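Given next are the chains, with one letter for each unit.
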Amino acid sequence: MKLITFHRHDGRVRTGVVLNQQVLDISDWIETLPVSAQALAHHQRAGTLPPVGGMLRWLSAGPDALAKLQDHVAWGAVPDVALADVTLYAPVPRPGKIIGVGRNYADHAKETGVAPFEKPRIIFKMPSSVVAPGAPVVRPAGVTKLDFESELAVVMGAYGRDIPEAQALDHVAGYTVLNDVSAREFQFDISPAQTTFAKSMDGFCPMGPWLVTRDEVPDPQALDVSCWLNGERMQHGHTADMLFPVTTLVAYVSQFMTLEPGDVITTGTPAGIGAFRQPPLYLQPGDQLRLEVTGVGSMTHAIA
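From a predicted model like this one, the values you see are computed outputs, not experimental measurements.

On to the overall build of the protein chain, then. A tally of regular secondary structure across the protein chain gives eight helices and 18 strands. Over its C-alpha trace the protein chain gives a radius of gyration of 19 Å, about what one expects of a compact globule, namely 19 Å for 304 residues. A principal-axis box enclosing the C-alpha atoms of the protein chain has dimensions of 55 × 40 × 35 Å. In the protein chain, once contacts between residues fewer than 6 apart in sequence are set aside, the share between residues at least 24 apart is 75%. Surface summary for the protein chain: the accessible area is close to 12,800 Å², and the carbon and sulfur share equals 54%. Positive and negative side-chain charges in the protein chain, numbering 23 and 31 respectively, have mean positions lying 4 Å apart.

Okay, the packing of aromatic side chains next. This model, assessed by the stated rule, comprises three aromatic pairs. Arranged with centres 5.3 Å apart and planes meeting at 65 degrees, the rings of tyrosine 252 and phenylalanine 256 form a pair that is edge-to-face. Against the face of tryptophan 210 rests lysine 2, its NZ or CZ located 5.6 Å from the ring centre. Sitting over the face of the ring of tryptophan 228, arginine 290 holds its NZ or CZ atom 3.9 Å from the ring centroid.

Ala39, His42 and His43 are the residues of helix H2 (residues 37-46) that are buried. In an axial view of H2, the angular spread of the buried residues amounts to 95 degrees, which keeps them on one side of the axis. Among the exposed residues of H2, those pointing more than 90 degrees away from its buried face are Ala37, Gln44 and Arg45. Once H2 ends, the next one or two residues include glycine 47, with phi positive near 70 degrees.

A few words now on the nonpolar core. Core analysis: the largest hydrophobic core is formed by 51 residues, its most contacted members being Ile4, Val250, Ile265 and Val296. For this core, the secondary structure elements donating two or more residues are strand S1 (2-7), strand S6 (98-102), strand S10 (150-156), strand S11 (172-179), strand S13 (205-213), strand S14 (224-229), helix H8 (246-254) and strand S17 (288-293). If one sorts the elements of this core by residue count, H8 sits on top with five residues. Once residues lying within four places of it in the same chain are set aside, the contact partners of isoleucine 265 are Ile99, Val101, Leu152, Ala153, Val154, Met156, Leu249, Val250 and Leu259. Membership of the second largest hydrophobic core comes to 27 residues, among which are Val17, Leu33, Trp58 and Ala153.

Bringing the pattern of salt bridges into the picture now. Applying the stated criterion to the full structure yields 13 salt bridges. Across the pair aspartate 25 and arginine 14 runs a salt bridge, and its minimum N-O distance is 2.7 Å. With aspartate 25 in strand S3 (residues 22-25) and arginine 14 in strand S2 (residues 14-19), this pair connects stretches of sequence that are 11 residues apart. Comparing aspartate 25 with arginine 14 shows no difference in burial state: the two are buried. Each member of the salt-bridge network shares a partner with another, and the members are Lys125, Asp147, Glu149, Asp180, Arg184 and Lys199.

Looking at chain direction, S14 and strand S15 (residues 232-238) are connected through six bridges and run antiparallel. Residue pairing for S15: cysteine 227 is matched across the bridge by glutamine 235. Counting the residues in the hairpin turn of S14 and S15 gives two residues, including asparagine 230, whose phi is positive at 50 degrees.

Let us now look at unusual backbone geometry. Looking along the chain, the bond that leaves glycine 208 and enters proline 209 is cis, with omega of 0 degrees. Considering the arrangement of structural elements, one finds proline 209 in strand S13. Cis geometry is found at the peptide bond from glutamine 278 to proline 279, where omega equals -5 degrees. Of note, proline 279 is situated in the loop between strand S16 (264-266) and S17. For asparagine 20, which is not a glycine, the phi torsion comes out positive at approximately 55 degrees. Examined against the element boundaries, asparagine 20 turns out to sit in the loop between S2 and S3.

Thresholds, definitions, all that
Residues numbered from 1 in each chain as written. Predicted model: local features only at pLDDT ≥ 70, side-chain atom pairs only at ≥ 80, totals over all residues. Heavy atoms only, no water. Helix = DSSP H or I, 4+ residues; strand = E, 2+ residues; numbered from the N terminus. Rg over C-alpha atoms; globule rule 2.2 N^0.38 Å. Contact = heavy atoms within 4.5 Å. Areas by Shrake-Rupley, 256 points an atom, 1.4 Å probe, with all protein chains shown as cover. Lys, Arg positive; Asp, Glu negative; His and termini not counted. Charge placed at Lys NZ, Arg CZ, Asp CG, Glu CD. Phe/Tyr/Trp six-rings, centres within 6.5 Å; stacked < 30°, edge-to-face > 60°. Lys NZ or Arg CZ within 6 Å of the ring centre and 35° of its normal. Buried < 20%, exposed > 50% of the residue type's maximum accessible area, 1.4 Å probe, protein only. Arc of directions from axis to C-beta. Core = buried A, V, L, I, M, F, W, Y, C linked by side-chain atoms within 4.5 Å. Salt bridge = Lys/Arg side-chain N within 4 Å of Asp/Glu carboxyl O. Pairing = 2+ DSSP bridges.

Written out as C-alpha cells, the structure reads:
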C-alpha cells in the first residue's frame, strides 16, 4: 500500500491510502487504533506521550497495524478524493531521527577517491530539514555548492535495540524516496568538516511522495535509484551495489541507539552527484529535479 500525509481545502493534516489515483482518508480510523504495548512502555520510560493520530500513530500501533489497515480497505472503504486534488506533505513530516549513510555505494566511493569503509559511516540530518515532495528547495544565501543525492529511505515501524540482521526487516514499516540535499562547501571546503550542518539546512530533505509498505518491496536490494536534473539523468545505480544493505544498516545503528517508529534511515547515493563531476555541477535556482526508486515512487521538485 501507498500511505500519504496530506491536506485538503480545510488545511487539516490527514493520513490516506492511495488506491488507483484516489485517496482513502484513514485519519479518523487511525485514531481508533490502540497504541502497542511496546510503544506505551517506551513512552512511559521516556516520560513522553505516544502519538494521538497521523502517520506516527499508525506506525506505533504494533506489528499487526498493516494487517488491520488491509482489512479496513478490504471491507469496502470508499476513497474520498482524487490524488491530484490534495496537497502532499512528507509521509513522515517530522521524523524522530534521520540517519544517513555516507558513501554506501561502491561506485560512489570510487568517484570520491576513498576506499570502501569497513563499517557504515553514519551521518545525521535534522528533522527540521524535511520538506514536502514537490516543494521548492530554497538555496540559502551564501551557499554556492548545492548538490543532490537520490536515495532509498527506510521508514522504521517498530522499536528496536540490538536488532539481529535476520530480524531487521521485521522492524521496517516501508520505504520512500529522499533527496539528501547538501551544501558541499560546509562538507568539503572547511576544517573541521560540518557534514551534519551541510545536510540539515531548511528544506534539505525532500521526501515522498508516499510510504510504500514493506510487503510491496520484498527485497530492498533489488531496486534502481536514479536522479534527473533538467531532464538529463545524472545518477543511475542499483541497491544491490550497497556496501552495507538495509538489514546491516538497521542492525548496526540499533547497536548504539533505539530505533523508533517513524525514524528514517537514508541509505546512501549512487555515483553521479554534482561535486565529483568534471567540472563540478551544482544546483542553481530554476533547476528541476526528478528522483526515482523503482517500486517505491518518483518525486520532483525545483530549486529556488
